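These are the residues of each chain, in order.
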Amino acid sequence: QVQLQESGPGLVKPSETLSLTCTVSGYYIGRAYFWGWVRQSPGKGLEWLASIHHSRGIDYNASLRSRLTISIDTSKNQFFLKLTSVTAADTAVYYCVRDDWVPDYWGQGTLVTVSS
Amino acid sequence: QSALTQPPSASGSPGQSVTISCTGTSSDVGSHNYVSWYQQYPGKAPKVMIYEVNKRPSGVPDRFSGSKSGNTASLTVSGLQAEDEADYYCSSYVGGGIEYVFGTGTKVTVL
């Protein structure tokens with residue numbers, strides 16, 4: 001059974017960088033699939049952020065591309081997200097997902113609050 | 001890429017059916033069969049209920065069904081049960097690399 005688990009700081013100061021890790025169990029991420037990040041602002045809908053494949057490349061949400069970096073470490077079966085210059089608008093639950101064209105497996109999500 | 005359009009709310013009495021629409025464009029819903037539907041309870045992660053327009057993952061009741069016509073996909077929940085009260089989101093692959101877009105979400109209420 002594929003399982004994903006997000007980890008990272010729950011509180012980030014405005015203008016700083018949000019950094020998250022997704023640890024995958026039950027599937028080797030270097031085998032196949034894209035692996036991505038989706039967020040959900042409080043009371044709002046879902047927003048795809050970025051996805052990465054160990055050999056096929058990276059894709060970013062165009063509206064956030066300049067602030068996003070996604071990376072992968074197949075040796076640790078982990079992938080990562082960095083979002084720079086955060087503001088209160090970046091406060092959200094961040095989910096890591098496995099992408100089978102669209103997400104099929106989801107982590108439980110981690111709430112990141114941007115506040116001083 | 002704009003969000004797919006869903007009605008904000010839908011409702012039905014137990015045993016009735018409810019259908020939720022998901023309207024996109026010829027660049028997303030209309031171009032691919034990679035359309036999924038997710039059920040989300042408050043404070044929980046979304047769960048796949050339908051994938052590739054009309055396929056059900058194992059464990060999802062056959063009360064849930066999906067379809068697509070042109071640029072609009074639909075989710076039908078038949079024989080509504082109290083446990084079906086949740087938010088529902090659609091998602092469609094857009095193309096290029098792995099870009100995809102979500103719907104605006106529909107809150108289903110069981111009366």
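Report follows, based on the coordinates.

Conventions adopted
Residues numbered from 1 in each chain as written. Chains lettered and ligands numbered in written order. Predicted model: local features only at pLDDT ≥ 70, side-chain atom pairs only at ≥ 80, totals over all residues. Heavy atoms only, no water. Pairing = 2+ DSSP bridges. Helix = DSSP H or I, 4+ residues; strand = E, 2+ residues; numbered from the N terminus. Axes fitted to C-alpha atoms, helices over the stretch in contact; angles between N-to-C directions. Contact = heavy atoms within 4.5 Å. Buried area = accessible area lost by both parts, 1.4 Å probe. Polar contact = N/O pair within 3.5 Å; in protein donor to acceptor, adjacent residues only side chain to side chain. Nonpolar A, V, L, I, M, F, W, Y, C, P; charged D, E, K, R; others polar.

**Comments concerning the sheet that holds strand E7 (residues 68–73) of chain A**
All names here are of chain A.
Consideration 1: Ordered by their spatial adjacency, four strands build an open sheet running E1-E3-E8-E7, and the pairing between neighbours is antiparallel. Each end of this open sheet is capped by a strand with a single partner; those strands are strand E1 (3–7) and E7. Ignoring strand direction, the axes of neighbouring strands in this sheet form an average angle of 20°.
Consideration 2: Bridge count for E1 against strand E3 (residues 18–25) is five bridges, and the pairing is antiparallel.

**Digging into the interface of chain A and chain B**
Consideration 1: In this assembly, 20 residues from chain A lie in contact with 17 residues from chain B.
Consideration 2: With both sides pooled, the region where chain A packs onto chain B buries about 1700 Å², and carbon together with sulfur makes up 66% of that total.
Consideration 3: The interface formed by chain A and chain B includes nine residue pairs in polar contact (both at pLDDT 80 or more).
Consideration 4: Its residues assigned to classes, the side of chain A that touches chain B comprises 10 nonpolar, five polar and five charged.

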